[in-house]
Amino acid sequence: PLFVRAGAILPKIPEDVMTLVPRLDDRRVYELYPGPANSIVDFEGRRLAASASGLRITGKPARITIVWRFQGPKTVRLNGKPIVVTGRDDSVQVTFEHRGQSALVW
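Treat the numbers as computed from the prediction; the structure is a model and nothing was measured.

Rules of the game
- Residues numbered from 1 in each chain as written.
- Predicted model: local features only at pLDDT ≥ 70, side-chain atom pairs only at ≥ 80, totals over all residues.
- Heavy atoms only, no water.
- Core = buried A, V, L, I, M, F, W, Y, C linked by side-chain atoms within 4.5 Å.
- Buried < 20%, exposed > 50% of the residue type's maximum accessible area, 1.4 Å probe, protein only.
- Helix = DSSP H or I, 4+ residues; strand = E, 2+ residues; numbered from the N terminus.
- Contact = heavy atoms within 4.5 Å.
- Salt bridge = Lys/Arg side-chain N within 4 Å of Asp/Glu carboxyl O.
- Phe/Tyr/Trp six-rings, centres within 6.5 Å; stacked < 30°, edge-to-face > 60°.

Asks: Before we go on, may I ask you to explain the nonpolar core in this structure?
Replies: In summary, soluble globular proteins display a tendency toward joint burial of nonpolar side chains. With 18 residues, the main nonpolar core has Leu55, Ile66 and Phe96 as its most contacted residues. Looking at this core, the elements with two or more residues in it are β2 (27–32), β5 (54–58), β6 (62–69), β7 (76–78) and β10 (91–98). Of all the elements, β6 adds the most residues to this core, at four residues. Not counting the four nearest positions on each side in its chain, Leu55 is found in contact with Ile9, Leu32, Leu48, Ala49, Ala50, Ile66, Ser102, Ala103, Leu104 and Trp106.

Asks: Sorry if this is basic, but what is going on with the pattern of salt bridges here?
Replies: The full count for this structure, using the stated rule, is nine salt bridges. With a shortest N-O distance of 3.0 Å, Arg46 and Glu44 are connected by a salt bridge. Owing to a relative accessible area of 1%, Arg46 belongs among the buried residues under this scheme. Among the charged side chains, a salt-bridge network with shared partners connects Arg28, Asp42, Glu44, Arg46 and Lys60.

Asks: Sorry if this is basic, but what is going on with the packing of aromatic side chains here?
Replies: Two descriptors summarise a pair of aromatic rings, namely the distance from one centre to the other and the angle between the planes of the rings. Enumeration over the complete set of coordinates arrives at two aromatic pairs. Taken together, a centroid distance of 6.1 Å and an interplanar angle of 50° make the contact between Tyr33 and Phe70 tilted. Of this pair, Tyr33 sits in the loop between β2 and β3 (39–41) while Phe70 sits in the loop between β6 and β7, placing them 37 residues apart in sequence. When its relative accessible area of 60% is taken as the criterion, Phe70 is described as exposed. Between the aromatic rings of Trp68 and Trp106, the centroid separation amounts to 5.2 Å while the plane-to-plane angle is 80°, which identifies the pairing as edge-to-face. Note that Trp68 is positioned in strand β6 and Trp106 in the segment after β11 (101–105), a separation of 38 residues in sequence. Taking the relative accessible area as the measure of exposure, Trp68 reaches 5% and is therefore buried.

Printed below as a string of structure tokens:
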């Protein structure tokens, strides 16, 4: 089992990646857990700051997937434009190209 604090933002790499060599893969995954707003700086210096209805990401470009665990929004806007939300049994997610600054609102 994995125990996380309420409101945690858990940075990850995709499950099919076996190395952190940045030239091989620029995909990053961030899991958001229900709870109070939180912020982190990840292992590459990217800053993620969450609020009750949004997430602001600044830093190094990457292909980012945001996964909401156990509860998530039905609609999400990326920099003011709608983005596709996909779902599974225990989570929903969005994937997008982060180019230095990204603002998600739900």
